[in-house]
Amino acid sequence: MYVVEKLLKLYPDPKCTLKYNKPYELLIATILAAQSTDERVNKITPKLFKKYPSLEHIANADLEELEEDIKSVGFYKNKAKNIKETAKLLLEKYNGMLPDNIEELTTLKGVGRKTANVVMANIYGVPSVIVDTHCMRLSNRIGFVSSKDPDKIEIELRKIVPRDMYTVFSNLMVYHGRAVCKARKPKCNECVINNVCDFYSSQSDL
DNA sequence: CTCCCGATAT
DNA sequence: ATATCAGGAG
């Protein structure tokens, strides 16, 4: 796939940029990353996981204290409640393990398809199309899709991207979205895939 | 569709 | 000073 080959030369090893040492830590970090950046989440998770070194610690955390611990990632009241309830549910129904499928993962509080796909890709090694804001923006700009609905975008991308490239494609969208195809001022002139980009074409026409 | 919220780019 | 960024639940 052209876009993947081209971007891989620029970002040789695109991977999840969230810091974690255990599967459930990735889940918690990803829940915290909703409407926040990986960078901001990474600033608090090392301390957080040190203070709460197990799912039991998170499940039994004082809610107000937990809120303070994660405050800087934003939406902290929802997220504190979500990670606490998710920790409880993982202990009660899954023996502290993570479900290995989208259906069960998305029953966890604060876990939608994006977060579930991050777990499937990074914990279980299942090729997964992860539609976050970057994947959505780039896929629309390039012209792979024309939709604002993440679920529809995921379905469309699954038809366009070769299955074995789902995860690397998703990560490349994030890397390129952060470095070049930014939300605010995209650096279209230095973009290595502007030759196949609808957004670039429509701009240079002006 | 609205609400949830802090951090950062402009 | 404020618009913009970044997912999920109800």
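Preceding this paragraph is the structure being described.
Residues numbered from 1 in each chain as written. Chains lettered and ligands numbered in written order. Predicted model: local features only at pLDDT ≥ 70, side-chain atom pairs only at ≥ 80, totals over all residues. Heavy atoms only, no water.

1. Focus on the protein's contact with DNA strand B
Inference 1: The environment of DNA strand B is made up of Arg40, Lys71, Ser72, Gly74, Phe75, Tyr76, Lys77, Asn78, Arg184 and Lys185.
Inference 2: Counting only atoms of DNA strand B within 4 Å of the protein, the fraction found in sugar and phosphate groups is 56%.
Inference 3: Backbone polar atom of Lys77 to a phosphate oxygen of DNA strand B: 2.8 Å apart, as the coordinates give it.
Inference 4: Take Asn78: an N or O atom from its main chain is 3.4 Å from a phosphate oxygen of DNA strand B.
Inference 5: At three residues, helix H6 (residues 76–94) tops the list of elements feeding residues into the surface near DNA strand B.
Inference 6: Here the residues of the surface near DNA strand B sort into two nonpolar, three polar and five charged. (Near = heavy atom within 4 Å. Polar contact = N/O pair within 3.5 Å; in protein donor to acceptor, adjacent residues only side chain to side chain. Helix = DSSP H or I, 4+ residues; strand = E, 2+ residues; numbered from the N terminus. Nonpolar A, V, L, I, M, F, W, Y, C, P; charged D, E, K, R; others polar.)

2. Remarks on the side chain of His134
Inference 1: Residue placement: His134 occurs in helix H9 (residues 133–142).
Inference 2: When sequence neighbours within four positions are dropped, the list of residues in contact with His134 reads Met173, Val174, Gly177 and Arg178. (Contact = heavy atoms within 4.5 Å.)

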